[in-house]
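Per-entry structural report
Take a look at the letters that make up each chain.
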Amino acid sequence: MKPIRGTLQEGGAGFQTTHWTLVLRARESDPTETARKALSDLCEAYWPPLYAFLRRRGHASPEAQDLVQGFFVHLLEQNTLSRADQEKGRLRTFLLGSLQKFLCNEYDRARALKRGGGHRTMSIDEHLPEAEASMMNTAHASDSRCYDVVWASNIVKRAWQHLQNAFQEEGKAEWLEVLSPFVASGGRTPPNQEEAAERLGVPIATLRTGLSRLRQRYREALRREVASTVSDPAEVDQELHYLYQILMK
């Protein structure tokens, strides 16, 4: 993949607010409201793959929900995040390894924290149907493979959501609606470019320019989302390659 101007690959957009930053905030020994907000943001990004992993391990949906919530509360209240090493490793592997240790150390399942023992870190119910659908799409995969697939799908979803928000703010929601099938066709044959240009009321050359820019912005959105999951900018390309491998299988 060629470097994209103004992105992390060229040292453009700063490697600043990342999920690792949230980890560092959330692992403060004195869990302030800021730390709890950071943990909530972390949960929002990572609970779908962790939930899918637990479901593949054989846990029923309510139990998997309880365990994910209890796991994230455990990260904060037991200061487990103090063992997170920002200098090496990827956040997805750290969280999966921590979850596995958490499960092994649960000596009394009857006392498993219900939805975080009343300290809810996020609302799972809102996104539960989508998480279940993602998990079902990996029905024949191993638990770790299921985790990776849902992780990759969630990265794509979040990147696309950021793109939708940006187009909405720019007053170009219709452009994204018309052009999105050319970018994310899901294996389907995209619509005719001439028909799309007619729908937008622009020349075909203008449409093709807009499509090229959309594809570039989508790549940048994916790159930013992946960059937020690693501690070193040099790892971004490796993670992007891994994400593409997962989604293409």
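**Observations regarding the pattern of salt bridges**
Taken as a whole and assessed by the stated rule, the structure comprises eight salt bridges. As a salt-bridge pair, Arg158 and Glu225 come within 2.8 Å of each other at their nearest N and O atoms. Remark: Glu225 occurs in helix α9 (residues 204-227) and Arg158 occurs in helix α6 (residues 143-169); sequence separation between them is 67 residues. Notably, a salt bridge pairs Asp237 with Arg223, separated by 2.7 Å at the nearest N-O pair.

**Some words on the confidence of the model for the chain**
For the chain, per-residue confidence averages 75 on the pLDDT scale, and residues scoring 70 or more make up 62% of the total. Scored below 50 in pLDDT, residues 1-17 shows 33 contacts in the model against residues more than four places distant or in partner chains. Here residues 110-119 scores under 50 on pLDDT; set against residues more than four positions off or in separate chains, the count is 15 contacts.

**Regarding helix α4 (residues 91-104)**
Counted at 1.5 Å a residue, the expected span for α4 with its 14 residues is 20 Å, and the 20 Å between its end C-alpha atoms agrees. Along α4, the positions that sit buried rather than exposed are Leu91, Arg92, Phe94, Leu95, Leu96, Ser98, Leu99, Phe102 and Leu103.

**Structural notes on the side chain of Ser61**
Inspection of the secondary structure puts Ser61 in helix α3 (residues 61-77). Residue Ser61 is classed as buried on the basis of its relative accessible area, which comes to 16%. One polar contact links Ser61 to Tyr51, side chain to side chain, over a distance of 2.7 Å.

**Here's the deal with the side chain of Asp148**
Position of Asp148 among the secondary structure elements: in helix α6. Judged by relative accessible area, which is 11%, Asp148 ranks as buried. Among the polar contacts made by the side chain of Asp148, one reaches the side chain of Tyr242 at a distance of 2.4 Å. In this structure Asp148 touches Arg92, Tyr242 and Ile246, once residues within four positions along its chain are discounted.

**Observations regarding the packing of α6 against helix α10 (residues 236-248)**
In a pair of packed helices, the angle between the axes and the distance between the axes together describe the arrangement. Between α6 and α10, whose axes approach to 9 Å, the crossing angle comes to 110°. Taken as axis vectors, α6 and α10 run roughly perpendicular relative to one another. Residues Arg145, Asp148, Val149, Trp151, Ala152, Ser153, Ile155 and Val156 of α6 form the contact with α10, whose own contacting residues are Glu239, Tyr242, Leu243, Ile246 and Leu247.

About the criteria used
Residues numbered from 1 in each chain as written. Predicted model: local features only at pLDDT ≥ 70, side-chain atom pairs only at ≥ 80, totals over all residues. Heavy atoms only, no water. Salt bridge = Lys/Arg side-chain N within 4 Å of Asp/Glu carboxyl O. Helix = DSSP H or I, 4+ residues; strand = E, 2+ residues; numbered from the N terminus. pLDDT = per-residue confidence, 0-100. Contact = heavy atoms within 4.5 Å. Expected span 1.5 Å × (residues − 1). Buried < 20%, exposed > 50% of the residue type's maximum accessible area, 1.4 Å probe, protein only. Polar contact = N/O pair within 3.5 Å; in protein donor to acceptor, adjacent residues only side chain to side chain. Axes fitted to C-alpha atoms, helices over the stretch in contact; angles between N-to-C directions. Parallel < 35°, antiparallel > 145°, perpendicular 65-115°, else oblique.

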